[in-house]
Amino acid sequence: MKKMSTLGLIAFVLVLIGSFNWGLMGFFKFDLIRSIFGELSVLSRSIYALVGLSGLYLIVSNVVNGKE
């Protein structure tokens, strides 16, 4: 098993936060990010964007590592 890079670890944690938030939204109609940082504030939009980019990073890094 390869050691995860710092960027990979940050991306993994952000994706975990995003998946937890989606679970809360699906089960309880509660948006944790919105309740903490405000509805569509610059900070909450930035967090949503970072979660999305983290997911893309993990997809790409797993595809690239799978070809080695």
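This one's a predicted model, so the numbers in the text were calculated from it and none came from an experiment. (Residues numbered from 1 in each chain as written. Predicted model: local features only at pLDDT ≥ 70, side-chain atom pairs only at ≥ 80, totals over all residues. Heavy atoms only, no water.)

**Some thoughts on the side chain of Asp31**
Reasoning step 1: By secondary structure assignment, the location of Asp31 is in the loop between helix H1 (6-28) and helix H2 (32-37).
Reasoning step 2: At 3.1 Å, the side chain of Asp31 and the side chain of Asn21 are in polar contact.
Reasoning step 3: In contact with Asp31, not counting residues within four places along its chain, are Asn21, Met25 and Tyr48. (Helix = DSSP H or I, 4+ residues; strand = E, 2+ residues; numbered from the N terminus. Polar contact = N/O pair within 3.5 Å; in protein donor to acceptor, adjacent residues only side chain to side chain. Contact = heavy atoms within 4.5 Å.)

**Describing helix H3 (residues 42-66)**
Reasoning step 1: A rise of 1.5 Å per residue sets the reference length of H3, with its 25 residues, at 36 Å; its end C-alpha atoms lie 36 Å apart and thus fit the reference within 8%.
Reasoning step 2: Every buried residue of H3 is listed here: Ser44, Ile47, Val51, Ser54, Leu58 and Ser61.
Reasoning step 3: Buried-residue contacts for H3 involve H1 and H2. (Expected span 1.5 Å × (residues − 1). Buried < 20%, exposed > 50% of the residue type's maximum accessible area, 1.4 Å probe, protein only.)

**Describing the confidence of the model for the chain**
Reasoning step 1: In the predicted model, the chain carries a mean pLDDT of 89, and 94% of its residues have values of at least 70.
Reasoning step 2: Put simply, H2 is where the chain has its lowest mean pLDDT, 89, and H1 is where it has its highest, 94. (pLDDT = per-residue confidence, 0-100.)

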